[in-house]
Amino acid sequence: MSDFTNPVEPFLRTDRMPHIWCPGCGIGTTVNCFARALIESKIDLESLALVSGIGCTGRVAGYVKLDSFHTTHGRAIPFATGLKLANPKLNVVVYSGDGDLSAIGGNHLIHAARRNIDLKVICVNNLIYAMTGGQTAPTTPSHAITSTSPYGTCEPAFNLPHLVEAAGAVYVARWTTFHVRQLARSIAEAFNKKGFSFIEVISPCPTLYQRRNKLGDGLDTMKYYKEKSKVKHGAPTSEVGLTMTGEIIVGKFVDRDRPDYQTMVRAQLTESLGDRFVEQAEMVCS
Amino acid sequence: MVERCKACGFCVEFCPTKVLALSSAFNSKGYHPPHVVNPEKCSGCDLCGMYCPDFAIYGYKLETGQAHVATAASAVHRAQRGPGNQSTGVEDEG
Ligand SMILES: Cc1ncc(C[n+]2csc(CCOP(=O)(O)OP(=O)(O)O)c2C)c(N)n1
Ligand code: SF4
Ligand code: SF4
Ligand code: SF4
Ligand SMILES: [Mg+2]
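Everything in this summary refers to the structure shown in the same document. Source: prediction; values computed, not measured.

Residues and elements named next belong to chain A. Coordination sphere of the magnesium ion (ligand 5), protein contribution only: D98 (OD), N126 (OD1) and I128 (O), at 2.1 to 2.2 Å. Sequence positions of the donors to the magnesium ion (ligand 5) reduce to the motif D-x27-N-x1-I. You'll find N126 and I128 in the same group, each marked buried.

Given below as structure tokens:
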């Protein structure tokens, strides 16, 4: 029966396995969903580029057998934007952590959404800066204990779906690592959207977030996701903020259309230059 | 594959028909990988494969190739078998 293989296997650099992620970490689960989405969407892998920033999630770029780039901290979106503008035929995926995308990379996130750059952003939100020891992130829920807030976080957290919708994203969804089939479907759906798509995946970091907050291990967290998640497609994103132990609203929140950045560039130049506007020469993916 | 398992228990907990249990055997890193306890209940749905953060398990459906039983494709599970497990007709990836 050796012709049966794990569906994720062809997308992995198996020589790098086992990976560094801790037992019960959710990042690997998101990679399974991503692989299933690639299979389902029948996307041409030659046209695909995956870009990560720095962090535990950022390691995805090093584990996938795809054209991938592990950029500097916070700069996955600008690097991906450059790829997409230089070679518009590429399907560019940004795969990174909540800290990378919304703290050090926060401005890139909102401006890429505002410009509607055609990127598929998968944000693994473990509510913390995991790789560096569990510091408070902009996504850490109020009262949570972290290495930089031993008496509890006093800051209000970013509600990422609300943030990116307000900034202009055309597709916004949230799932947890419990919702594997829904997550795979959302990723596949985002491949069919033109414009800035953002998928948040709430994911356990048992080692640094759950442990300090006495929330159990990875499996306990998965059971919490199962019990406390509520699917509300089209929910107003202003109402989907997260708390430490409360309800998690999941679903597809935003699915709308507006011209993406390159369409706007072309329209503006055609309007201003008329016949003098010449389309950029086509590039070959190689 | 068995060596990749870190015994998180996701596959055991979320298998819809409770096919799996963590075994008492160890892999070389000292984790207890799952083994198949109810092979006849496996539908090959591959939920265990989607959950496994360590890419250490997956399910699949086995086609019989016979038209009259096309809807009754038998399901097998390719899980890890720790030493001392019962042989249950389950595939071993090695
Ligand atoms: C310019 C710079 N500043 C800080 C760091 C240290 N650093 C590495 S990863 C990280 C946070 C990662 O958090 P997140 O993006 O949420 O990823 P996670 O590890 O949680 O998956 C930080 C602050 C760095 N590598 N580079
Ligand atoms: S530190 Fe947290 S996010 Fe990083 S690998 Fe471990 S569990 Fe996963
Ligand atoms: S493939 Fe079999 S063992 Fe795996 S989750 Fe499905 S029914 Fe359970
Ligand atoms: S096979 Fe995978 S999901 Fe199951 S216990 Fe091992 S690491 Fe966890
Ligand atoms: Mg994080």
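Right, picking up where we left off after that structure.
Taken together, 13 residues surround ligand 4, and among them C5(B), C8(B), G9(B), C11(B) and C52(B) come closest. Its residues assigned to classes, the shell around ligand 4 shows nine nonpolar, two polar and two charged.

Let us now look at the pattern of salt bridges. Between side chains of opposite charge, a pair can form as their charged atoms come close. Residues and elements named next belong to chain A. Inspection of every chain in the model, using the stated rule, returns 14 salt bridges over all chains. The salt bridge involving D118 is made with K84; its shortest N-O contact spans 3.4 Å. With D118 in the loop between α5 (106–115) and β4 (120–125) and K84 in helix α3 (residues 76–86), this residue pair connects regions lying 34 residues apart in the sequence. Residues D118 and K84 agree in their burial class; the two are buried. A salt bridge links E279 to R266; the shortest N-O distance between them is 2.7 Å. A residue pair is termed long-range when its members are at least 10 positions apart, and E279 in the segment after α10 (261–273) and R266 in helix α10 qualify at 13 residues. Under the relative-accessibility criterion, E279 is labelled partly exposed at 46%.

Residues and elements named next belong to chain A. Around ligand 1, a shell composed of 16 residues is seen, among which C56, T57, D98, G99 and D100 lie nearest. Measuring from an oxygen atom of ligand 1, one finds a backbone N or O atom of C56 at 2.8 Å. The separation between an oxygen atom of ligand 1 and a polar side-chain atom of D98 is 2.7 Å. Protein chains bury 73% of the 590 Å² of accessible surface belonging to ligand 1 in isolation. Residue composition of the shell around ligand 1, grouped by class: seven nonpolar, seven polar and two charged.

Below, the discussion takes up the sheet that holds strand β8 (residues 248–255) of chain A. Residue and element names in this part refer to chain A. The strand order across the open sheet built from eight strands is β2-β1-β3-β4-β6-β5-β8-β7, with neighbouring strands paired in mixed fashion. Because the sheet does not close on itself, it has two edges, and the strands there are β2 (67–70) and β7 (229–231). Taken pair by pair, the neighbouring strands of this sheet meet at an average axis angle of 20 degrees, ignoring direction. With five bridges connecting them, strand β3 (residues 91–97) and β4 associate as parallel partners. Looking across to β4, one finds that S96 is bridged to C123. Its contacts with the sheet put helix α9 (residues 218–228) on β5 (171–176), β6 (197–202), β7 and β8, and the angle it makes with β7 is roughly 40 degrees.

Parameters and conventions
Residues numbered from 1 in each chain as written. Chains lettered and ligands numbered in written order. Predicted model: local features only at pLDDT ≥ 70, side-chain atom pairs only at ≥ 80, totals over all residues. Heavy atoms only, no water. Donors = N, O, S within 2.8 Å, 3.2 Å for Na, K, Ca; no water. Buried < 20%, exposed > 50% of the residue type's maximum accessible area, 1.4 Å probe, protein only. Near = heavy atom within 4 Å. Nonpolar A, V, L, I, M, F, W, Y, C, P; charged D, E, K, R; others polar. Salt bridge = Lys/Arg side-chain N within 4 Å of Asp/Glu carboxyl O. Helix = DSSP H or I, 4+ residues; strand = E, 2+ residues; numbered from the N terminus. Polar contact = N/O pair within 3.5 Å; in protein donor to acceptor, adjacent residues only side chain to side chain. Areas by Shrake-Rupley, 256 points an atom, 1.4 Å probe, with all protein chains shown as cover. Pairing = 2+ DSSP bridges. Axes fitted to C-alpha atoms, helices over the stretch in contact; angles between N-to-C directions. Contact = heavy atoms within 4.5 Å.

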